[in-house]
Amino acid sequence: MSPPPDDVSVALERLLARYAGLVRSAARSHRADEATVDEILQEVRIRLWRAIERGEKADALPASYVYRAAVSATLDLIRGRRRKREVPLEESRLEEPRLEEPRLDDAGAIPASLGTDRTVDEEAAMELLDQALAGMVATRRVAVRLHLAGYHLREIAAMMDSSEARARNLVYRGLADLRTRLTSMGLNPRGRG
Amino acid sequence: MNDDTLRTLHDQLVARRAPSDRARCPEPDDLLAIAERRLAEARRLVVLEHVVGCAACRNELDLLRTVVDAGGDLTPAHRAPWLALAAAIVLMVGAGTLWRLANREEPVVRGADAGAVLVAPAAGDALDAPPVLIWHRIDGARDYRVEVLGAGGALLVALETADTTVSLAGRTELPPGAEYSWWVRARLSQGGERRSEIGRFRVR
């Protein structure tokens with residue numbers, strides 16, 4: 001790969017550096033895997049150099065071109081990992097509970113930290129949660145599940161292509177609906193929030 | 001039951017019911033469409049429902065959101081000289097107008113809801129000859145920029161037209177056996193633009 005002219009090099013490196021900074025910042029915000037992000041940025045760099053070698057003008061490589069190259073590189077990486085059936089993209093992250101995992105006491109009961117007023121094992125509690133979620137309206141259910149998965153309202157709004165106000169409404173009404181359903185199933189809240 | 005308690009239960013539910021393989025996972029293009037806010041609502045809900053219960057898809061979506069959001073942040077800076085010029089011109093007209101323009105974000109609307117609908121080639125068409133690209137007219141469009149991309153995402157040709165069709169014959173070589181992507185960006189008379197979804201076709 002022969003080096004492009006210096007002015008092209010400088011312009012491209014400046015654009016790449018700016019984009020890399022934005023990607024890394026967004027990666028922190030979205031909890032994306034840093035090593036994978038570095039891999040994508042490297043691939044973007046290679047694609048842009050190749051484009052210039054093919055005769056693309058540096059000034060015809062605007063932000064939208066960098067964007068498309070990054071999206072394309074990311075899709076290729078995802079497809080490649082799926083094909084290889086590798087453990088994709090830090091898969092273990094969600095499997096580690098965000099909070100300290102509740103442990104069953106000697107009687108097999110959910111500890112008081114779960115706020116239940118009856119003895120019920122974890123599997124039963126999960127089954128009730130599953131049933132309660134299944135009974136909800138789809139938009140509320142998805143919003144609530146994204147919230148419970150740790151996404152912020154701004155992220156939920158973006159993923160659901162709605163305003164932040166609507167996302168907030170869906171989450172809050174959805175949580176109230178979910179609690180009502182769990183209560184009616186016997187998994188009673190005990191005023192913990 | 002507070003949020004933390006529900007989260008703990010939900011995390012356990014997700015871990016316990018995680019898909020055993022990726023066979024039912026949505027296509028990466030669907031995840032990208034969510035990140036770009038251009039997936040139809042019914043499909044979006046189905047995909048998100050899966051994603052929230054599938055750690056692998058969640059990580060893939062988070063990665064795509066990262067790339068998409070960073071791209072969105074990158075674009076305005078490259079529009080800055082134009083905005084500055086516009087602001088300078090408007091300064092002569094009046095401070096009130098200037099204030100409105102300086103605080104305006106150019107609307108970029110993507111997808112079928114915006115009216116930027118591709119007509120032909122239809123998705124997945126396999127063609128014998130360089131295609132004629134056709135799309136629906138968009139109200140308020142000053143002109144259109146059509147971009148055709150190769151398999152690796154490389155820009156093969158970019159054409160600007162005020163029409164709603166353009167022939168690729170003689171414009172660029174499209175080697176057979178490959179898949180190509182294309183999209184249309186309508187530049188609006190009142191500023192801003194509307195983008196189509198990405199169309200795909202193959203050349204036999």
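The structure we're discussing is the one just above.
Each chain has its residues counted from 1, following the order in which its sequence is written. Each chain takes a letter, starting from A, and each ligand takes a number, starting from 1, following the order in which they are written. Thresholds applied to this predicted model are a pLDDT of at least 70 for local features of residues and 80 or more for the giving and counting of side-chain atom pairs; totals over whole chains, interfaces and linings are not thresholded and use all residues. The side-chain figures draw on all heavy atoms in the structure; neither hydrogens nor water molecules are used.

Caption draft 1: Fine view of the overall build of chain B. For chain B, the helix and strand inventory stands at 5 helices and 10 strands. Accessible area is worked out with a 1.4 Å probe on protein chains only. A residue is then buried under 20% of its type maximum, exposed over 50%, and partly exposed in between. When the 204 residues of chain B are sorted by exposure, 48% land in the buried category. The criterion used for residue contact is that any of the two residues' heavy atoms lie within 4.5 Å. Of the contacts formed within chain B by residues at least 6 apart in sequence, a portion of 57% connects residues at least 24 apart. For chain B, the computed accessible surface area is about 9,600 Å², with 54% contributed by carbon and sulfur atoms. Where helices and strands are cited, they refer to DSSP runs of H or I of at least four residues and of E of at least two residues respectively, numbered from the N terminus. Under the convention used here, a 1.4 Å probe and the Shrake-Rupley method define accessible areas, while residue burial counts only the protein chains that appear.

Caption draft 2: Main features of the sheet that holds strand E7 (residues 165-167) of chain B. All names here are of chain B. The strand order across the open sheet formed by 3 strands is E2-E4-E7, and the pairing between neighbours is antiparallel. Where the open sheet ends on each side, the last strands, each with one partner, are strand E2 (118-120) and E7. Within the sheet, the average angular offset between the axes of one strand and its neighbour, ignoring direction, is 25°. For two strands to be treated as a pair, DSSP must find no fewer than two bridges joining them. Pairing of E2 with strand E4 (residues 132-135), which is carried by 2 bridges, proceeds in the antiparallel orientation. By the bridge assignment, Leu 118 is partnered in E4 with Trp 135. To get an axis, a line is fitted to the C-alpha atoms, and for a helix only the part in contact is used. The angle between two axes follows their N-to-C directions and goes from 0 to 180 degrees.

Caption draft 3: Structural context of the pairing of strand E10 (residues 199-203) of chain B. Residues and elements named next belong to chain B. By the alternation rule, side chains of E10 split into Gly 199, Phe 201 and Val 203, which are all buried, and Arg 200 and Arg 202, of which none is buried. Summarising the sheet, strand E3 (residues 125-127) and E10 pair through 3 bridges and their orientation is parallel. If you follow Asp 125 over to E10, its bridge partner there is Phe 201.

Caption draft 4: Representation of unusual backbone geometry in the model. With an omega dihedral of 0°, the bond running from Ala120(B) to Pro121(B) counts as a cis peptide bond. Looking at the secondary structure, you find Pro121(B) in the loop between E2 and E3. A positive phi angle, close to 60°, is found at Arg31(A), a residue other than glycine. Mapped onto the fold, Arg31(A) is located in the loop between helix H1 (6-30) and helix H2 (34-53). Of note, the phi angle at Asp161(A) is positive, near 50°, even though the residue is not glycine.

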